[in-house]
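Examination of the molecular architecture
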Amino acid sequence: MPAYVINDIEVTDPATFDEYRRLSPPTVALYGGRFLARGGATQTLEGGWAPQRLVISSSRLSSGRRPGSILPNTRRRGACARLQRVRT
């Protein structure tokens, strides 16, 4: 079963965000995931939501694992993410 994760990221520290961006693809790929959208222009059709940097990814869920659970190399990515403003 696929799981989809939507992140709205406000980059507050570009250097740390570059490290986060470097660490993310190998982790996503390790679990059969892929990025569906990363950055780029967005257009809000309804409501007042105005995402800063939108990232959408998908991955397969294995039995007993839930989206957002701790995976290898996510601890460092998590530390980087905490320095940014990430809304999931």
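As the structure is a prediction and not an experimental result, all values here were calculated from the model.

So, about the packing of aromatic side chains. For the structure on display, the rule yields one aromatic pair. Over the ring of Phe-35 we find Arg-38, and its NZ or CZ is 4.3 Å from the ring centre.

Under the 1.5 Å per step criterion, the end-to-end length of helix 1 (residues 14–30) is 25 Å for 17 residues, consistent within 8% with the ideal 24 Å. The sharpest bend along helix 1 comes to roughly 25°, located at Ser-24, with the proline Pro-25 sitting one to four residues further on. Those residues of helix 1 that fall on the buried side of the exposure criterion are Thr-16, Phe-17, Tyr-20, Leu-23, Ser-24, Thr-27 and Val-28. Gly-32 sits one or two residues past helix 1 and shows a positive phi near 70°.

Here we take up the pattern of salt bridges. Within the structure shown, the criterion is met by one salt bridge. Ionic pairing is found between Arg-21 and Asp-18, a salt bridge with its closest N-O pair at 2.8 Å. With a gap of three residues between them, Arg-21 and Asp-18 both fall in helix 1, about one helical turn apart. Relative accessible area serves as the criterion here: at 38%, Arg-21 is assigned to the partly exposed category. A residue is classified by how much of its surface remains accessible, and Asp-18, at 40% relative accessible area, is partly exposed.

What follows is about the pairing of strand 3 (residues 53–60). Among the eight residues that make up strand 3, six are buried, leaving the element largely enclosed by the rest of the structure. Across eight bridges, strand 1 (residues 2–10) lies against strand 3 in antiparallel orientation. Residue pairing across strands places Asp-8 opposite Leu-54, the latter belonging to strand 3. Here strand 2 (residues 34–38) pairs with strand 3 via four bridges, running antiparallel. Paired with Phe-35 across the strands is Ser-57, a residue of strand 3.

Moving on, we get to the environment of Thr-44. Following the sequence through the fold, Thr-44 ends up in the loop between strand 2 and strand 3. One polar contact links the side chain of Thr-44 to the main-chain carbonyl oxygen of Trp-49, over a distance of 2.4 Å.

In this model, the protein chain carries an average pLDDT of 76, and 68% of its residues clear a pLDDT of 70 or more. Ranking the elements of the protein chain by mean pLDDT puts strand 4 (residues 85–87) last with 53 and strand 2 first with 92.

Definitions and limits used
Residues numbered from 1 in each chain as written. Predicted model: local features only at pLDDT ≥ 70, side-chain atom pairs only at ≥ 80, totals over all residues. Heavy atoms only, no water. Phe/Tyr/Trp six-rings, centres within 6.5 Å; stacked < 30°, edge-to-face > 60°. Lys NZ or Arg CZ within 6 Å of the ring centre and 35° of its normal. Helix = DSSP H or I, 4+ residues; strand = E, 2+ residues; numbered from the N terminus. Expected span 1.5 Å × (residues − 1). Bend = angle between axes of the 7 residues up to and from the residue. Buried < 20%, exposed > 50% of the residue type's maximum accessible area, 1.4 Å probe, protein only. Salt bridge = Lys/Arg side-chain N within 4 Å of Asp/Glu carboxyl O. Pairing = 2+ DSSP bridges. Polar contact = N/O pair within 3.5 Å; in protein donor to acceptor, adjacent residues only side chain to side chain. pLDDT = per-residue confidence, 0-100.

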